[in-house]
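Overview (structure and organization)
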Amino acid sequence: MVLLLSGALYAFASARNAERPIQTLKVYFTGDNNLFLTQSSVSKLLIQNQGPLTDKAKRIIDLNELEVALKSNRIIKEAEVFMSVTGELIAEIEQKRPIARMLSENIYVDETGTWMPLSKNYSARVPLVTGQIDTSDLRPVYRIARWVDQNAFLKEHITEIHQTSGAEFNLRLRGNDIVVELGDTTELGTKFNNLKAFYQKAIKDDIIEQYTKLNLRFTSQVICTKK
């Protein structure tokens, strides 16, 4: 009898809770990159999917559908939507992080190797990508941009990734007119190590302004062209 009564009370409480109206909508951003979306823009995404959410009974809200709607936004990396016992609808959002910006397409290449749109709220300071880019295959650009993003020296000094005709790339360095001929995306670790070694020595010897071009295609040496 006690078990039956407990079960009936639980069922009654659950049914009553399901009818509780949503009181508020709260949006929280997780991770370090909370710049491209606002709480207002996330709220609009949710409302566009199922209409006004406050004052609706909890049982009417489809949480999975709301998560799918949020994840369809290319700025959002992960999204979780859930309800509190007090009637709050809560959305936790993790945004993508851009590592390069494609100038011709006005999009970012993000940390996962896909693309994300620009945002009117914030402009990321990342290398520009120019030239003859195949937007259907961002893997070559992504390989270079990821190396730049993960290396403090490269991140500080490389401002542009330029694809020439074919599958070769040139780089631009901050503060001078030197063109760095990277070649293809093979052996990037060795090529970038060579660039760092050359650059640091040229700065130390105060001769960096004497050069117009650095050829990194051959991993055993750096070929320099003087003015």
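In this report, the structure presented in the accompanying data block is examined. For every chain, the first residue of its written sequence is number 1, and the numbers climb from 1 along that sequence. Whole-chain, interface and lining totals are the exception, using all residues; otherwise, since this is a predicted model, local features are given only for residues with pLDDT of at least 70 and side-chain atom pairs are given and counted only at 80 or more. Note: side-chain values were computed over all heavy atoms of the structure, leaving out hydrogens and water.

1. Quick word on the environment of E67
- Numbering of helices and strands runs from the N terminus, with a helix taken as a DSSP run of H or I at least four residues long and a strand as a DSSP run of E at least two residues long. As for its position among the elements, E67 is in helix α3 (residues 63-71).
- On the accessibility criterion, E67 (16% relative accessible area) is buried.
- Once the C-alpha coordinates of E67 and V81 are considered, the two residues, 14 residues apart in sequence, prove to be 6.0 Å apart.
- Every residue pair with non-hydrogen atoms within 4.5 Å of one another is taken to be in contact. Ignoring anything within four residues of it in the chain, the contact list for E67 reads A79, E80 and V81.
- There is a polar contact of 2.9 Å between the side chain of E67 and the backbone nitrogen of V81. Throughout, exposure labels follow a simple rule: accessible area from a 1.4 Å probe, protein chains only, divided by the maximum for the residue type, with under 20% read as buried, over 50% as exposed, and the rest as partly exposed. Definition of a polar contact: a pair of N or O atoms within 3.5 Å, with one able to donate and the other able to accept a hydrogen when the atoms are protein atoms, and with sequence-neighbouring residues admitted only if both atoms are side-chain atoms.

2. Points about the nonpolar core
- Membership of the largest hydrophobic core comes to 33 residues, with the highest contact counts inside it found for I144, L171, V180, L182, F192 and L195.
- At 6 residues, helix α6 (residues 188-204) tops the list of elements feeding residues into this core.
- Discounting chain neighbours no more than four positions away, the residues touching L182 are I144, F169, N170, L171, L188, K191, F192, L216 and R217.
- In this structure, L45, L66, L89 and A91 belong to the second largest nonpolar core, which totals 20 residues. Side-chain atoms within 4.5 Å link the members of a nonpolar core, which is a set of buried Ala, Val, Leu, Ile, Met, Phe, Trp, Tyr and Cys residues.

3. What to know about the sheet that holds strand β5 (residues 107-110)
- One open sheet accounts for 9 strands, arranged β6-β5-β4-β7-β8-β9-β10-β11-β12; its pairing is mixed. At either end of the open sheet lies a strand with only one pairing partner, and these are β6 (115-117) and β12 (223-226). Pairs of neighbouring strands in the sheet enclose a mean axial angle of 25 degrees, with direction left out of account.
- With 3 bridges joining them, strand β10 (residues 179-183) and strand β11 (residues 211-215) adopt parallel strand pairing. Within the sheet, the bridge partner assigned to V180 lies in β11 and is L214.
- Throughout, an axis means a line fitted to C-alpha atoms (over the contacting stretch in the case of helices), and angles, computed between N-to-C directions, take values from 0 to 180 degrees. Packing against the sheet, helix α4 (residues 139-150) makes contact with β4 (98-102), β5, β7 (128-131), β8 (158-163), β9 (169-173) and β10, and its axis sits at approximately 130 degrees to β4.
- Across the face of the sheet, α6 comes into contact with β8, β9, β10, β11 and β12 while running at roughly 160 degrees to β10. A pair of strands is considered paired only if DSSP assigns at least 2 bridges between the two.

4. Considerations on the sheet that holds strand β1 (residues 24-30)
- Ordered in space as β1-β3-β2, the 3 strands form an open sheet in which the pairing is mixed. Lying at the two open borders of the sheet, with one neighbouring strand each, are β1 and β2 (76-83). Strand-to-strand twist across the sheet, computed as the mean angle between neighbouring axes with direction ignored, equals 20 degrees.
- Where α3 meets the sheet, its contacts fall on β2 and β3 (88-95), and the angle it forms with β2 comes to roughly 160 degrees.

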